[in-house]
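# Structural description and commentary
What follows is each chain in one-letter form.
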Amino acid sequence: MRCFSIALYVLRPTQDGYQVLLLRRNGHTQPGQWCQIAGGIEAGESAWQTARREAQEETGLQLTDLYSADRCEQFYEADNNGITLVPVFVAYVAADADIVLNAEHSEFHWATFEEAAQMLPFPGQRDILHHIHRYFAKQQPHHLLRMPLEA
């Protein structure tokens, strides 16, 4: 089994806990929909390296910590009649981190977990969000899930 793409949920601390970053898509793939950071794995890259690169390319964010969420998004894609499994990562950024969007997205929103659950279009995304809230926002993630921030 190989990974072809990743999903990355970015969290920032607030006085009340954490907010999650959502991006509104441009272009031909699900235009106008809110989503997490996502992207394809390039030749020679590991999935965690892709997560770090995509965060930089899509938002300009410098991650302070990166973790495997210990979950995969899974969904059926009708255009290739296949099941896609996407490893999920969770990153943390500083509370005052600046976002510079690339052309793939028209806007961003720092959402509470409750808001994000209403904004994300797919049940699988909401399931992953619940997992992240429970294991990455309400408690310290297990140290063995930590990914390197350097290549």
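Located above this text is the structure these notes cover.
The notes below deal with the structure included here. This is a predicted model, so every value here is computed, not measured.

### Description of unusual backbone geometry
- The backbone of D70 sits at a positive phi, close to 60°, despite the residue not being glycine.
- Secondary-structure assignment places D70 in strand β5 (residues 65-77).
- You will see that N81, though not glycine, has its phi angle at about 50°, which is positive.
- With respect to the secondary-structure elements, N81 resides in the loop between β5 and β6 (82-92).
- Given a relative accessible area of 58%, N81 falls into the exposed group.

### Some thoughts on the environment of A47
- Relative to the elements of secondary structure, A47 occurs in helix α1 (residues 47-59).
- In the structure, A47 is positioned 82 residues away from L129 in sequence and 19 Å away in space, judged by C-alpha atoms.
- In contact with A47, not counting residues within four places along its chain, are I6, I41, P87 and F89.

### Points about α1
- An ideal rise of 1.5 Å per residue puts 18 Å on 13 residues; α1 measures up with 18 Å between its terminal C-alpha atoms.
- The buried fraction of α1 is high, at 10 of 13 residues.
- Taken as a whole, α1 has its buried residues at A47, W48, Q49, T50, A51, R53, E54, A55, E58 and T59.
- Packed against the buried residues of α1 are β1 (5-14), β2 (17-25), β4 (37-40), β5, β6 and β7 (105-111).
- Downstream of α1 by one or two residues, G60 has phi in the positive range, about 75°.

### So, helix α3 (residues 123-137)
- For α3, which comprises 15 residues, the first-to-last C-alpha distance of 20 Å matches the rise-based estimate of 21 Å (1.5 Å per residue) to within 8%.
- Of the residues making up α3, those classed as buried are Q125, I128, L129, H131, I132, F136 and A137. All buried residues of α3 project into a common sector of 165° when viewed along the axis, lining one side. Seen from the buried face of α3, the exposed residues on the opposite side, beyond 90 degrees, are P123, D127 and H130.
- Buried residues along α3 sit in contact with β1, β2, β3 (34-35), β5, β6 and α2 (113-119).

### Digging into the nonpolar core
- Core analysis: the largest hydrophobic core is formed by 21 residues, its most contacted members being Y9, L11, I132 and F136.
- Put simply, the parts of the chain that give this core at least two residues each are β1, β2, β5, β6, α2 and α3.
- With five residues, α3 is the single largest residue contributor to this core.
- L11 has contacts with Y18, Q19, V20, V90, A91, Y92, V93, W110, F113, I132 and F136, leaving out every residue within four places of it along the chain.

### Structural notes on the pattern of salt bridges
- Per the counting criterion, the structure on display carries six salt bridges.
- One salt bridge in this structure joins R53 and E42, with 3.5 Å as the shortest N-O distance. A residue pair is termed long-range when its members are at least 10 positions apart, and R53 in helix α1 and E42 in the loop between β4 and α1 qualify at 11 residues.
- By relative accessible area, which is 15% here, R53 ends up buried.
- Each of E42, E45, R53, E54 and E57 takes part in one network of salt bridges that share partners.

Criteria and cut-off values
- Residues numbered from 1 in each chain as written.
- Predicted model: local features only at pLDDT ≥ 70, side-chain atom pairs only at ≥ 80, totals over all residues.
- Heavy atoms only, no water.
- Helix = DSSP H or I, 4+ residues; strand = E, 2+ residues; numbered from the N terminus.
- Buried < 20%, exposed > 50% of the residue type's maximum accessible area, 1.4 Å probe, protein only.
- Contact = heavy atoms within 4.5 Å.
- Expected span 1.5 Å × (residues − 1).
- Arc of directions from axis to C-beta.
- Core = buried A, V, L, I, M, F, W, Y, C linked by side-chain atoms within 4.5 Å.
- Salt bridge = Lys/Arg side-chain N within 4 Å of Asp/Glu carboxyl O.

Purely geometric stuff here, so don't read any function into it on its own.
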